[in-house]
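Spelled out from the first residue to the last, the chains are:
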Amino acid sequence: MTERLAVRADLFDFPEDPGWQVEAPAAVRYLPDHWLLVEDGRIAGTRPGTEAPGPGWRCIDHRGRLLLPGFIDTHVHAPQLDVIASYGTELLEWLNTYTFPAECKYADPAEAERGSALFLDALLASGTTAAAVFPTVHKVSAEALFAAAAQRHMRVLAGKVLMDRHAPDGLRDDVAQAERDCVDLIERWHGRGRVAYAVTPRFAATSTREQLAMAGRLCAAYPDVYMQTHVAENRSEVRWMAELFPEARSYLDIYVRHGLMTPRSLFAHGIWLDDTDRAVLREAGASIAFCPSSNMFIGSGLFDWGRTEGQGVAVHLASDVGGGTSLSMLRTIADGYKVLALQGQKLTAWKALYTATHGAARHLRLSHEIGHLSPGTLADFVVWDWAQGPVARRRIEVARDLHERVFAWMTLGDERNVVSTWVAGQERYRRPE
Ligand code: GUN
Ligand code: ZN
């Protein structure tokens, strides 16, 4: 029997890229007080709130609340919940002092299972229903993450992290074993349910040339898997890469030389790239995950979204927890606004929310499945309170137009605004009463 669900709220999504303008009527679809209709886990349509669906529909009334597609976090580290909010270091010291020791624990399957469940439930509680995730170097950590994602029916891209040098004992693999593990994981998990494999060299410094080449061979052998890594995040890191790979024109060029520049390549950060790098990214159809919270917290620098997109490179938004300090994409966006403001750029609510939903889905080539509320897509959505607490309530109340209202929601909100999170039509998180 068909399962029918109807949720009443202010529906909000973004059919098109709104550009950088506040005036973008075709890009913004706002349906105040409407029913979202869901059949067998897929969106079936919408109708005005006054026209309740008949018998046979499970109706949930969230009148006065906001309903958006689930957010897509395009770069985040599952095991780093244990090091989120760690004091006083930049990237390379942060990795050695906090992150690598914490990731060693994921050799233990029980720990990987516990951590994956905590992590995915925390994403859902933050209003994020899809993510590109780094587990650890351990095969069991990828297995545990995939299994936890499958259990929740979540759209997760991930892969065993590749790192065979410049990391402590217990956190390195080797080329031959890593290749066997990746092939096995791809064969068993890629395309199973909503899980996709991403070849995941941590960054060029922790892989030998041989390992990067192996990763490139995997991308060629399995052209529909993703590739995710870090690039040009921190100035000391960039200098170190130049020492490690003197033959490369730039940090990004290391990845190009090893076959890791594909249309499905997701590069986190990209703060210290040059115009040639950006042309390479554009030509390949690869994209950059902008991680503003992380970039400020570990002092990496200010990402120039305007210039990057102006040169034709796709940009999406990511928390990069544990370098970032919140899994909430609203907080991530609020930080992104500030990073752009420091460079004289303005991030509209439309651009930010489009990027964290439909835009990300497009860059991940998943817009047939997620990112908007169009019929036929899977019903991954989140019900939000417009405001939590008297300050936000007042600000929302006095807003003079929709952009002002949504901008205030987006800037003042966080996971406390999440009322419930739905994945393929199933409620996977509900805020405690
Ligand atoms: N570069 C290499 N590894 C990492 C990581 O775990 N986090 C961040 N932010 N950058 C990295
Ligand atoms: Zn990262």
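It should be emphasised that the depicted structure is a prediction, and the values quoted were computed from it without experimental measurement.

### Structural notes on the overall build of the chain
Helix and strand counts for the chain stand at 14 helices and 16 strands. The globule rule puts the C-alpha radius of gyration for 433 residues at 22 Å, and the 21 Å found for the chain is close to it. Here the chain, with 433 residues, has 60% of them falling under the buried criterion. A fraction of 76% describes how many contacts in the chain between residues 6 or more apart in sequence connect residues 24 or more apart. Total accessible area on the chain is roughly 16,100 Å²; 51% of this is exposed by carbon and sulfur atoms. Between the centroid of the 46 positive side chains of the chain and the centroid of its 54 negative side chains there is a distance of 3 Å.

### Remarks on the coordination of the zinc ion (ligand 2)
The protein atoms that coordinate the zinc ion (ligand 2) are His-75 (NE2), His-77 (NE2), His-230 (NE2) and Asp-320 (OD), at distances spanning 2.0 to 2.3 Å. Motif for the zinc ion (ligand 2), donor spacing along one chain: H-x1-H-x152-H-x89-D. In this pair, His-75 is assigned in strand 5 (residues 71-77) and His-230 in strand 10 (residues 226-231), connecting sequence segments 155 residues apart. The same class applies to His-75 and to His-230, which are both buried.

### Quick notes on the pattern of salt bridges
Summed over the entire model, instances satisfying the criterion amount to 36 salt bridges. Asp-184 serves as the salt-bridge partner of Arg-188, at 3.2 Å between the closest nitrogen and oxygen. Taken together, the residues Arg-188 and Asp-184, both in helix 4 (residues 175-189) and four residues apart, mark about one turn of the helix. You can call Arg-188 partly exposed: its relative accessible area is 34%. A salt bridge links Arg-400 to Glu-404; the nearest nitrogen and oxygen atoms lie 3.0 Å apart. Several salt bridges converge on common partners, so that one network encompasses Lys-139, Glu-143, Asp-184 and Arg-188.

### Let's talk about the sheet that holds strand 2 (residues 29-39)
What the seven strands build is an open sheet, ordered 3-2-1-4-14-15-16; its pairing is mixed. At either margin of the open sheet sits one strand with a lone partner, and together these are strand 3 (42-48) and strand 16 (426-430). The average angle at which neighbouring strand axes cross in this sheet is 40°, direction not considered. Relative to strand 2, strand 1 (residues 4-13) runs antiparallel, the two being bridged by nine bridges. The residue of strand 2 that forms the bridge with Ala-9 is His-34.

### Observations concerning the packing of helix 11 (residues 329-341) against helix 14 (residues 402-412)
Describing two packed helices takes the angle between their axes plus the distance from one axis to the other. Packing of helix 11 against helix 14 brings their axes to within 7 Å, and their N-to-C directions diverge by 105°. As the angle between them shows, helix 11 and helix 14 are arranged roughly perpendicular. Residues Leu-330, Ile-333, Ala-334 and Tyr-337 of helix 11 form the contact with helix 14, whose participating residues are Phe-407, Trp-409, Met-410 and Thr-411. Here the residues of the contact of helix 11 with helix 14 are counted per class, giving seven nonpolar, one polar and no charged.

### Notes on the side chain of Asn-234
Tracing the backbone shows Asn-234 in the loop between strand 10 and helix 6 (235-244). Exposure remark for Asn-234: the relative accessible area of 2% places this residue in the buried category. Polar contacts involving the side chain of Asn-234 include one to the side chain of Glu-90, which spans 3.1 Å. Not counting residues up to four positions away in its chain, the partners in contact with Asn-234 are Glu-90, Leu-91, Trp-272 and Ser-300.

### What to know about helix 3 (residues 139-152)
Across its 14 residues, helix 3 extends 20 Å between first and last C-alpha, which sits within 8% of the 20 Å expected from 1.5 Å per residue. Every buried residue of helix 3 is listed here: Ser-141, Ala-142, Ala-144, Leu-145, Phe-146, Ala-148, Ala-149 and Arg-152. Positive backbone phi, at 60°, marks His-153, one or two positions downstream of helix 3.

### Some points on the nonpolar core
One broad rule of soluble globular proteins: the nonpolar side chains tend to lie buried together. Phe-267, Leu-353 and Trp-409 are the most contacted members of the largest nonpolar core, which has 110 residues in total. Considering every element that reaches this core, the biggest residue donor is helix 12 (residues 349-363), with six residues. If near-sequence neighbours (up to four positions away) are discounted, Leu-353 is found in contact with Phe-12, Phe-14, Leu-68, Phe-71, Ile-333, Val-406, Trp-409 and Met-410.

### Details of the packing of aromatic side chains
The description of two aromatic rings rests on the distance between their centres and on the angle between their planes. Throughout the structure, instances matching the rule amount to 16 aromatic pairs. With 5.8 Å between their ring centres and 90° between their planes, Phe-12 and Trp-350 make a pair best called edge-to-face. One end of the pair, Phe-12, is in strand 1; the other, Trp-350, is in helix 12, and 338 residues separate them in sequence. A relative accessible area of 4% means that Trp-350 is categorised as buried. The structure contains a cluster of three or more aromatic residues connected by ring pairs, namely Phe-12, Phe-14, Tyr-30 and Trp-350. The lysine or arginine in question, Arg-405, covers the ring of Trp-386, its NZ or CZ lying 3.9 Å from the ring centre.

### Observations concerning the environment of Tyr-226
Here Tyr-226 is to be found in strand 10. Spatially, the C-alpha atoms of Tyr-226 and Val-199 are 6.1 Å apart, while their sequence positions differ by 27 residues.

### Points about unusual backbone geometry
The omega torsion across Val-321 and Gly-322 is 0°, close enough to zero to call that bond cis. Looking at the secondary structure, you find Gly-322 in the loop between strand 13 (314-317) and helix 11. A positive phi is found at Arg-365, a non-glycine position, where the angle reads about 55°. Mapped onto the fold, Arg-365 is located in the loop between helix 12 and strand 14 (381-384). Overall, Arg-365 belongs to the partly exposed group, its relative accessible area being 38%.

Calculation criteria
Residues numbered from 1 in each chain as written. Chains lettered and ligands numbered in written order. Predicted model: local features only at pLDDT ≥ 70, side-chain atom pairs only at ≥ 80, totals over all residues. Heavy atoms only, no water. Helix = DSSP H or I, 4+ residues; strand = E, 2+ residues; numbered from the N terminus. Rg over C-alpha atoms; globule rule 2.2 N^0.38 Å. Buried < 20%, exposed > 50% of the residue type's maximum accessible area, 1.4 Å probe, protein only. Contact = heavy atoms within 4.5 Å. Areas by Shrake-Rupley, 256 points an atom, 1.4 Å probe, with all protein chains shown as cover. Lys, Arg positive; Asp, Glu negative; His and termini not counted. Charge placed at Lys NZ, Arg CZ, Asp CG, Glu CD. Donors = N, O, S within 2.8 Å, 3.2 Å for Na, K, Ca; no water. Salt bridge = Lys/Arg side-chain N within 4 Å of Asp/Glu carboxyl O. Pairing = 2+ DSSP bridges. Axes fitted to C-alpha atoms, helices over the stretch in contact; angles between N-to-C directions. Parallel < 35°, antiparallel > 145°, perpendicular 65-115°, else oblique. Nonpolar A, V, L, I, M, F, W, Y, C, P; charged D, E, K, R; others polar. Polar contact = N/O pair within 3.5 Å; in protein donor to acceptor, adjacent residues only side chain to side chain. Expected span 1.5 Å × (residues − 1). Core = buried A, V, L, I, M, F, W, Y, C linked by side-chain atoms within 4.5 Å. Phe/Tyr/Trp six-rings, centres within 6.5 Å; stacked < 30°, edge-to-face > 60°. Lys NZ or Arg CZ within 6 Å of the ring centre and 35° of its normal.

Distances and angles like these do not, on their own, reveal function.
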